[in-house]
Amino acid sequence: MDQLGFDGKVVVITGAGRGLGRSHALQFAQRGALVVVNDVGAGLHGETTTESPADELVKSINQQGGTAIADFSDISQPQSAAALVDRTVKEFGRIDVVVNNAGILLDKSFPKMTNEDVERVMRVHFFGSFYVTQAAWPHMKEQGGGRVVMTTSVAGYLGNFGQANYGSAKAALIGLTRTLAIEGARAGIKVNAIAPGALTRMTENLIGDLASRMDPGFVTPVVVYLSHDSCPVTGEVLIVGGGRVARLLVEQNRGAFFAETMSAEQVAEAWGTITDPTQPLLIADVAAEMGMIVEMNKQGS
Ligand code: NAD
């Protein structure tokens, strides 16, 4: 197969100074993209530091013959997110790919979680992705298309102890991904998400024995594929890490159907059918099935 090249393509990656974003930036640069390495240099919990990982990475990309610029915008603020996109277009003339990757953690059990803990995490993960994508959208539309990759998490669709804030923000990104895939279809903008697993400072206390398999290099190839012009996929969530790539499927079971009247007692009685896992139904087929039941009820009455 031909190499998936990015010559002349402009790729913005948020939170790209470290971890997964860094790995993505290096790959895109090696494949010829003009890369904007955005990173505010935050601590793991969003605290301000004196570190400048974006600068260091850009130096190393440019030394290796690639083209990259560093950007220090805090994407959790709408004006800074817009400034990141403005600057990209000013410096490189266009914007083809946005990889929303920046993230922080503020884990606490639910009773201890403050409003501030929720707002800060939502602000970086959800609003940051929203702001950057919204600023890039009109440019992509005008150019006839573009690619957006969101970074969600298993915590977004399964939940995780201590992550009421993070899980909610990551779930919101799945809704955003699926909605923007619908809205972007006519403009040629494809929007997907990854739920990654890799050894970074975010996970170094969790991964343990699996560390040797959990290199970010086992995640980045999926981001690169989803960002390429040739990729037809949109609205999907890919679970990626440790050498496995899988598709998140959303399904319902067939469920129970109630004709005309419905009570809490009937719901309790039908609980076995309502929760029966042996008859799964893909969401896409639910509408058809509901139509069929309405027809059946009409015929029966
Ligand atoms: P990381 O901490 O190594 O990197 C995150 C980067 O985001 C940091 O360099 C940080 O400075 C930057 N950042 C934070 N707030 C920012 C802001 N407001 N503006 C710009 N940059 C900001 O973490 P990572 O593990 O590489 O995580 C990358 C993404 O992947 C995150 O969204 C994370 O939630 C997600 N994720 C990671 C894993 C994993 O296994 N590592 C699992 C699930 C999801």
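Calculation notes
- Residues numbered from 1 in each chain as written.
- Predicted model: local features only at pLDDT ≥ 70, side-chain atom pairs only at ≥ 80, totals over all residues.
- Heavy atoms only, no water.
- Near = heavy atom within 4 Å.
- Polar contact = N/O pair within 3.5 Å; in protein donor to acceptor, adjacent residues only side chain to side chain.
- Areas by Shrake-Rupley, 256 points an atom, 1.4 Å probe, with all protein chains shown as cover.
- Helix = DSSP H or I, 4+ residues; strand = E, 2+ residues; numbered from the N terminus.
- Nonpolar A, V, L, I, M, F, W, Y, C, P; charged D, E, K, R; others polar.
- Core = buried A, V, L, I, M, F, W, Y, C linked by side-chain atoms within 4.5 Å.
- Buried < 20%, exposed > 50% of the residue type's maximum accessible area, 1.4 Å probe, protein only.
- Contact = heavy atoms within 4.5 Å.
- Axes fitted to C-alpha atoms, helices over the stretch in contact; angles between N-to-C directions.
- Parallel < 35°, antiparallel > 145°, perpendicular 65-115°, else oblique.
- Left-handed = near helix turned anticlockwise from the far one by under 90°.
- Domains from an automatic or database assignment.
- Salt bridge = Lys/Arg side-chain N within 4 Å of Asp/Glu carboxyl O.
- Pairing = 2+ DSSP bridges.
- Right-handed = clockwise from strand over helix to strand, strands pointing away.

## Quick notes on the site of the ligand
Consideration 1: Near the ligand lie 31 residues; those nearest to it are Asp-39, Asp-74, Tyr-166, Thr-200 and Arg-201.
Consideration 2: One of the side-chain N or O atoms of Asp-74 is found 2.7 Å from a nitrogen atom in the ligand.
Consideration 3: Relative to its free-state accessible area of 830 Å², the ligand is covered by the protein chains to the extent of 96%.
Consideration 4: The set of elements that each furnish at least two residues to the shell around the ligand consists of helix H1 (19-30), helix H4 (115-143), helix H6 (164-184) and strand S6 (189-197).
Consideration 5: For the shell around the ligand, the residue count by class is eleven nonpolar, 15 polar and five charged.

## A closer look at the nonpolar core
Consideration 1: Formed by 43 residues in total, the largest nonpolar core has its most connected members in Val-85, Ile-95, Val-132, Met-150, Ile-189 and Val-191.
Consideration 2: Of all elements in the fold, only strand S1 (10-13), strand S2 (34-38), helix H3 (78-92), H4, strand S5 (146-151), H6, S6 and strand S7 (237-241) reach the threshold of two or more residues within this core.
Consideration 3: For this core, the leading source of residues is H4, giving nine residues.
Consideration 4: Setting aside anything within four residues of it in sequence, one finds Ile-95 in contact with Val-10, Val-12, Val-85, Thr-88, Val-89, Ala-136, His-139, Met-140 and Gln-143.

## Here's the deal with the packing of H1 against helix H2 (residues 53-63)
Consideration 1: One can describe the packing of H1 onto H2 by two numbers: an axis separation of 11 Å at closest approach and a directional angle of 20°. In terms of orientation, H1 lies roughly parallel with respect to H2. Between H1 and H2 the crossing geometry is right-handed. Facing H1, whose interface residues are Arg-22, Ala-25, Leu-26 and Ala-29, H2 presents Leu-57, Ser-60 and Ile-61.
Consideration 2: Residue composition of the contact of H1 with H2, grouped by class: five nonpolar, one polar and one charged.

## A short note on the side chain of Thr-177
Consideration 1: Looking at where Thr-177 falls in the secondary structure, it is placed in helix H6.
Consideration 2: In this view, Thr-177 contacts Met-150, Val-191, Asn-192, Ala-193, Gly-235 and Glu-236; residues no more than four positions away in its chain are not counted.

## Digging into the domain arrangement of the protein chain
Consideration 1: By domain assignment, the protein chain separates into domain 1 (10-247) and domain 2 (252-300).
Consideration 2: Relative placement of domain 1 and domain 2: their C-alpha centres are 39 Å apart.

## Focus: the pattern of salt bridges
Consideration 1: Scanning all chains against the criterion turns up seven salt bridges.
Consideration 2: Among the salt bridges present, the one from Arg-87 reaches Glu-91, with a minimum N-O distance of 3.4 Å. Here the residue Arg-87 and the residue Glu-91 both occupy positions in helix H3, the gap between them amounting to four residues, near one helical turn.
Consideration 3: We classify Arg-87 as partly exposed; its relative accessible area is 28%.

## Considerations on the environment of His-125
Consideration 1: Position of His-125 among the secondary structure elements: in helix H4.
Consideration 2: Between the alpha carbons of His-125 and Asn-101 there is a distance of 7.9 Å; along the sequence they are 24 residues apart.
Consideration 3: Those residues in contact with His-125 that sit more than four places away from it in its chain are Ala-102, Gly-103, Ile-104, Tyr-166, Ala-169, Lys-170 and Leu-173.
Consideration 4: At 2.9 Å, the side chain of His-125 and the side chain of Lys-170 are in polar contact.

## Some remarks on the pairing of S5
Consideration 1: Most of S5 sits out of view: six of its six residues are buried.
Consideration 2: One ladder, built from four bridges, connects strand S4 (residues 97-100) with S5; its direction is parallel. Bridging from a neighbouring strand, Val-99 pairs with Val-149 of S5.
Consideration 3: Tracing the backbone out of S4, into H4 and back to the parallel element S5 gives a crossover that is right-handed.

## Here's the deal with unusual backbone geometry
Consideration 1: A positive phi angle, close to 55°, is found at Glu-260, a residue other than glycine.
Consideration 2: Structurally, Glu-260 is set in the loop between strand S9 (251-253) and helix H9 (264-269).

## Some details on the environment of Thr-152
Consideration 1: As for its placement among the helices and strands, Thr-152 is situated in the loop between S5 and helix H5 (154-158).
Consideration 2: For Thr-152, a relative accessible area of 1% gives the class buried.
Consideration 3: Sequence separation between Thr-152 and Asn-100 is 52 residues, and the spatial gap between their C-alpha atoms is 9.4 Å.
Consideration 4: If near-sequence neighbours (up to four positions away) are discounted, Thr-152 is found in contact with Lys-170, Ile-174, Ala-193, Ile-194, Ala-195, Pro-196 and Val-237.

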